[in-house]
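Structure at a glance
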Amino acid sequence: MINYKFLYGNKYLKKITKKIKKNIYFLKKKTNKKPIIIIIYIGKNKSSDIYIKKKCKIFKNIGIKYFIYKIIKKISEKKIIKIIKRINKNKKINCILIQLPLPKYLNENKIINTINPKKDVDGLHAYNIGKLSQGQPNIRPCTSYGVIKLLKNYKINIAGLNAVIIGSSNLVGKPMLMELINNKCTVTLINKKTKNIKKYINNANILISAVGKYNLFPTKWIKKNSIIIDIGINKDKNGKIKGDINIKKIIKKIKYITPTPGGIGPMTISILLKNIFFIYKKSLV
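In this report, we go over the structure that sits alongside the text. Because the structure is a prediction, the values reported are computed rather than measured.

1. Description of the sheet that holds strand S4 (residues 95-98)
Hydrogen bonds between backbone groups are what pair the strands of a sheet, and the pairing can be parallel or antiparallel. A sheet is described by the order of its strands in space; here three strands give the open sequence S3-S2-S4, paired in parallel fashion. Both edges of this open sheet fall to strand S3 (65-71) and S4, since each of them pairs with a single strand only. Adjacent strand axes in the sheet meet at a mean angle of 20°, parallel and antiparallel pairs treated alike. When strand S2 (residues 36-42) meets S4, the two strands line up parallel, connected through four bridges. Its bridge partner lying in S4, isoleucine 40 is registered against isoleucine 98.

In structure tokens, the structure reads:
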């Protein structure tokens, strides 16, 4: 018998979308106010175009009003910060989302930390990250919390397990580290400078890959009966979306795995919706 199970996020997204749509309807009826999010999109990125289209389709369906502030031409940090500060002061706008990645010439941290932390729907402001690191989360980063929610949905107990994260980005790797620590895991975060990567991967009960490179390491390194969380997104020569891990090579070996697409992507959107509703509800008090 093959001991594995795919961990799908689509079911949870459908459930949370239905629930939030209902809650927004009743709050809007009561207050005559609906949640409003502004997406600041700087530059051009095909993946970002796809993500924004997907998110906005759901926003429209459940009653979230959205505006896209698209800046195609090169813009200075000073001007972006000025724009964000102006939006911060607008009481009608509940949520601000900076579409990542930003063009490389911009200081991502500086721009994100300009957002009012109460409107920081991605949960990436230093205040919200600080609250998460203290084990007192406020608005949580969408992907990392999406992983935890997915595991809980499948009733997978991760307390006491060895977890290895490949990738140390502010967007995924570092928030994931804190989420796992808060859930009583023993965590190692590895990057391209880590020596003897094989040793860490081979010891991982939970392996989380958030690199965006297919077949980054030999799949034989992966521990038997481990849990694989594949957050990476890649396209093959035919334009088919894949994760970081070659599922076919390890499917008989591992216990659980998130497919790409259909695994973590829907969970990320689910948490974004939860964050929007959380901020919206607070703004009505």
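From this point, the discussion proceeds with the structure in view.
2. Focus on the packing of helix H1 (residues 10-31) against helix H10 (residues 264-283)
Contact geometry of H1 with H10 gives a least axis separation of 9 Å together with a crossing angle of 20°. In terms of orientation, H1 lies roughly parallel with respect to H10. Our pair here, H1 against H10, has a crossing hand that is left-handed. Each of Asn10, Tyr12, Leu13, Ile16, Thr17, Ile20, Asn23, Ile24, Leu27, Lys28 and Thr31 in H1 lies in contact with H10, whose residues at this interface are Pro266, Met267, Ile269, Ser270, Leu273, Lys274, Phe277, Tyr280 and Lys281. Split by residue class, the contact of H1 with H10 holds twelve nonpolar, five polar and three charged.

3. Some words on the pattern of salt bridges
Within this structure, the stated rule accounts for two salt bridges. With a shortest N-O distance of 2.9 Å, arginine 140 and glutamate 179 are connected by a salt bridge. With arginine 140 in the loop between helix H5 (126-133) and helix H6 (142-153) and glutamate 179 in helix H7 (residues 173-182), this residue pair connects regions lying 39 residues apart in the sequence. Assessed through its relative accessible area of 18%, arginine 140 is described here as buried.

4. Concerning the environment of isoleucine 222
Within the element layout of this structure, isoleucine 222 appears in the loop between strand S7 (206-209) and strand S8 (227-230). Under the relative-accessibility criterion, isoleucine 222 is labelled buried at 1%. Considered as a pair, isoleucine 222 and lysine 253 are 31 residues apart in the sequence and their alpha carbons are 8.4 Å apart. If we ignore the near neighbours within four places in the chain, the residues touching isoleucine 222 are Ile201, Leu207, Phe217, Ile228, Ile245, Ile250, Lys253 and Ile254.

5. Structural notes on the nonpolar core
By size, the foremost hydrophobic cluster in this structure holds 51 residues, and its most contacted members are Phe59, Leu180, Ile229 and Leu273. The element contributing the most residues to this core is H10, with ten residues. Beyond its immediate sequence surroundings of up to four residues, leucine 273 is in contact with Leu13, Ile16, Thr17, Ile20, Ile58, Phe59, Ile62 and Ile64. Among the nonpolar cores identified, the runner-up in size contains 20 residues, and Ile80, Ile83, Ile87 and Ile96 belong to it.

6. Comments concerning a nonpolar patch on the surface
On the surface, Ile50, Tyr51, Ile233 and Ile241 cluster together into a nonpolar patch covering about 310 Å² of accessible area. For tyrosine 51, the location among the structural elements is in helix H2 (residues 46-62). Classification of tyrosine 51 by relative accessible area gives partly exposed; the value is 31%.

7. Quick notes on the environment of aspartate 49
Along the chain, the position of aspartate 49 falls in helix H2. Leaving out residues up to four positions away in the same chain, aspartate 49 has contacts with Tyr41 and Lys70.

8. Let's talk about H1
Compared with an ideal rise of 1.5 Å per residue, which puts 22 residues at 32 Å, H1 spans 31 Å between its outermost C-alpha atoms and is within 8% of the ideal. Among all positions of H1, only Tyr12, Leu13, Ile16, Thr17, Ile20, Ile24 and Leu27 are buried. Along the axis of H1, the buried residues cluster in a sector spanning 125°; they form a single face. Pointing more than 90 degrees away from the buried face of H1 are the exposed residues Lys11, Lys14, Lys15, Lys18, Lys19, Lys22 and Lys29. At the exit of H1 stands asparagine 32, carrying a positive phi of roughly 60°.

9. Structural notes on the side chain of aspartate 244
Counting through the fold element by element, aspartate 244 comes out in the loop between strand S10 (241-242) and helix H9 (247-250). One buried charged residue, aspartate 244, remains without a salt bridge, the closest side chain of opposite sign being lysine 213 at 9.6 Å. Every residue in contact with aspartate 244, bar those within four places of it in the chain, is listed here: Ser209, Ala210, Val211, Gly212, Lys213, Tyr214, Asn215, Leu216, Asp230, Gly232, Ile233 and Asn234.

10. Examining the pairing of S2
The two faces of the sheet receive side chains in turn, since in a regular strand these alternate between them. Here S2 lies mainly inside the structure; seven of its seven residues are buried. Judged by which residues are buried, S2 turns out to be covered on both faces: Ile36, Ile38, Ile40 and Ile42 on one side and Ile37, Ile39 and Tyr41 on the other are all buried. Relative to S3, S2 runs parallel, the two being bridged by seven bridges. Bridge pairing links isoleucine 42 to isoleucine 71 in S3. This β-α-β element, S2 to H2 to S3, shows right-handed connectivity.

About the criteria used
Residues numbered from 1 in each chain as written. Predicted model: local features only at pLDDT ≥ 70, side-chain atom pairs only at ≥ 80, totals over all residues. Heavy atoms only, no water. Pairing = 2+ DSSP bridges. Helix = DSSP H or I, 4+ residues; strand = E, 2+ residues; numbered from the N terminus. Axes fitted to C-alpha atoms, helices over the stretch in contact; angles between N-to-C directions. Parallel < 35°, antiparallel > 145°, perpendicular 65-115°, else oblique. Left-handed = near helix turned anticlockwise from the far one by under 90°. Contact = heavy atoms within 4.5 Å. Nonpolar A, V, L, I, M, F, W, Y, C, P; charged D, E, K, R; others polar. Salt bridge = Lys/Arg side-chain N within 4 Å of Asp/Glu carboxyl O. Buried < 20%, exposed > 50% of the residue type's maximum accessible area, 1.4 Å probe, protein only. Core = buried A, V, L, I, M, F, W, Y, C linked by side-chain atoms within 4.5 Å. Patch = residues over 30% accessible without salt bridge, like charges linked within 9 Å, V, L, I, M, F, W, Y side chains within 5 Å. Areas by Shrake-Rupley, 256 points an atom, 1.4 Å probe, with all protein chains shown as cover. Expected span 1.5 Å × (residues − 1). Arc of directions from axis to C-beta. Lys, Arg positive; Asp, Glu negative; His and termini not counted. Right-handed = clockwise from strand over helix to strand, strands pointing away.

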